[in-house]
Amino acid sequence: MPKQNSGGAGWFTSGVTWGIAGGIALGALVVAPAMAPIANNSFNNIGGSSTPEGEQKDKGRADNREANAANALLAQSSTRIVDGTLTGRPYLIIRTPDANDDDVSTTSWLAEMAGGTKAGQITLTDKFLSQDGADELRSIIANTLPAGAQLSVDNQAPGIHAGESLGAALMFDQATGAPLATVEDRAMVLQTLREAGFLEYEDGTITPAQGIIVATGEAEGGNEFASNVLADLARGLDSRGDSVVLAGRRGAAEDKGPIAVVRDAPKANENISTVDSLESETGRISAVLALAEQINGGSGSYGSADNAQAPAPERG
């Protein structure tokens, strides 16, 4: 069932407990939360102008000063804004090779400050996103599928199948609150993909998650195939766990970037939340609030790009 598209409306409810504490005890590998300091990054100055060059530079410097001031203010208030929105919710970060380290670490830190439990971090490699690795990825996914999991017959794109497999391996059952996969099946999927060079993670740090933030950079280097794989991965994950946010820098929402791909597909845009401008404090806060919104049954597209529905989710 498609999620309710909030478009920035208030949405927090008390929800259900999901039996998550028991699910964490069952575990996958071992949880190892880590904290990172908040960063103070500014918005990029994007856009052209017919203003004379000298005046344009002066205006650009003024705009950047205003953006820096806004980010600094948000950085001081960010923990209060997200406080309590992810209490007791285990979350996982899946990042691309080009995702900015500060973007990822600060977003993850804010999710912890929101009360979330860190279920680990997985880094996709260039091979995962490349056309050269697509056939091998399909083969590994087909041969390591967790017990009871199924792959789409209608859409056999490598990103879709990888998302369906990883979603089944990494996420909780929405109805029962129990992990979808056993410890052994989860380990087999992750270890096989790591040994084949498709992803990286630290041993003993991955546990089941109720929600996943997929973090990327600008636009996968302008690689259309990689953008489609990442958008398909988000779709596949969401089809299993139903709580997925795709977040990246402003460029990822432009042209054929992965966020733009999701926003251009009506069904995907109804189910997956997207956040652009992850280089800003607003974007990082929005990613955390969007994950909470997802877990509570809502969705939306947020950021400063033209194809966003609203600047940020509203905290209800």
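Because the structure is a prediction, the values reported are computed rather than measured.

Asker: If you had to explain the pattern of salt bridges to someone new, which residues and values would you point to?
Answerer: For the structure shown, the criterion picks out 12 salt bridges. When the shortest N-O distance is used, the salt bridge between Arg 194 and Asp 203 registers 2.7 Å. In this structure Asp 203 comes out as exposed when scored by relative accessible area, which is 57%. Put simply, Asp 103, Arg 249, Glu 281 and Arg 284 are held in one network by salt bridges that share partners.

Asker: A description of the packing of helix α5 (residues 158-170) against helix α7 (residues 224-241) should follow, citing residues and the corresponding values.
Answerer: At a minimum axis separation of 6 Å, α5 and α7 run at an interaxial angle of 35°. The chirality of how α5 crosses α7 is right-handed. Where α5 abuts α7, its residues Pro 158, Gly 159, Ile 160, Ala 162, Gly 163, Glu 164, Leu 166, Gly 167 and Ala 168 lie against Phe 225, Val 229, Asp 232, Leu 233, Arg 235, Gly 236, Leu 237, Ser 239 and Arg 240.

Asker: Residues and numbers for the nonpolar core, please.
Answerer: Phe 128, Leu 166 and Leu 170 are the most contacted members of the largest nonpolar core, which totals 44 residues. In terms of residues, this core owes the most to one element, α7, which gives 7 residues. Apart from residues lying up to four places away in sequence, Leu 170 is in contact with Leu 92, Ile 94, Ile 122, Arg 186, Leu 190, Ile 206, Thr 207, Pro 208 and Ala 209. Grouped together as the second largest cluster of nonpolar side chains are 26 residues, Ala 99, Ala 215, Ala 290 and Ala 310 included.

Asker: Please provide a residue-by-residue account of the pairing of strand β3 (residues 117-124), values included.
Answerer: Most of β3 sits out of view: 6 of its 8 residues are buried. In this structure, strand β2 (residues 90-95) lies alongside β3, joined through 5 bridges in parallel fashion. Paired with Pro 90 across the strands is Thr 117, a residue of β3. After leaving β2, the chain enters helix α3 (residues 101-113) and then returns to the sheet as β3, a path that is right-handed. Pairing of β3 with strand β4 (residues 199-200) involves 2 bridges; the strand directions are antiparallel. Bridging from a neighbouring strand, Leu 124 pairs with Leu 199 of β4.

Asker: With reference to specific residues and values, describe the sheet that holds β3.
Answerer: Strand order in the open sheet formed by 7 strands is β4-β3-β2-β5-β6-β7-β9, with mixed pairing between adjacent strands. At either end of the open sheet lies a strand with only one pairing partner, and these are β4 and β9 (301-302). Two elements, strand β5 (residues 211-215) and strand β6 (residues 244-247), share 4 bridges in a ladder whose sense is parallel. In the sheet register, Ile 212 faces β6, and the bridge partner there is Val 244. Docked against the sheet, helix α10 (residues 281-295) engages β2, β5, β6, β7 (273-275) and β9, running at close to 175° with respect to β7.

Asker: Go over the pairing of β2, please, and point to the residues and values.
Answerer: If a strand is regular, its side chains alternate between the two faces of the sheet. A large share of β2 lies buried, amounting to 6 of its 6 residues. Side-chain alternation along β2 places Pro 90, Leu 92 and Ile 94 on one buried face and Tyr 91, Ile 93 and Arg 95 on a second face that is also buried. Pairing of β2 with β5 involves 5 bridges; the strand directions are parallel. Bridge pairing in β5 links Ile 94 to Val 214.

Asker: Which residues make up helix α4 (residues 134-143), and what values do they have?
Answerer: Among the residues making up α4, those that are buried are Ala 134, Leu 137, Ile 140 and Ile 141. Relative to the axis of α4, the buried residues are bounded by an arc of 125° and lie together on one face. Exposed and facing more than 90 degrees away from the buried side of α4 are Asp 135, Ala 142 and Asn 143. Turning to α4, the residues buried within the fold contact α5, α6 (183-195) and α7.

Cut-offs applied
- Residues numbered from 1 in each chain as written.
- Predicted model: local features only at pLDDT ≥ 70, side-chain atom pairs only at ≥ 80, totals over all residues.
- Heavy atoms only, no water.
- Salt bridge = Lys/Arg side-chain N within 4 Å of Asp/Glu carboxyl O.
- Buried < 20%, exposed > 50% of the residue type's maximum accessible area, 1.4 Å probe, protein only.
- Axes fitted to C-alpha atoms, helices over the stretch in contact; angles between N-to-C directions.
- Helix = DSSP H or I, 4+ residues; strand = E, 2+ residues; numbered from the N terminus.
- Left-handed = near helix turned anticlockwise from the far one by under 90°.
- Contact = heavy atoms within 4.5 Å.
- Core = buried A, V, L, I, M, F, W, Y, C linked by side-chain atoms within 4.5 Å.
- Pairing = 2+ DSSP bridges.
- Right-handed = clockwise from strand over helix to strand, strands pointing away.
- Arc of directions from axis to C-beta.

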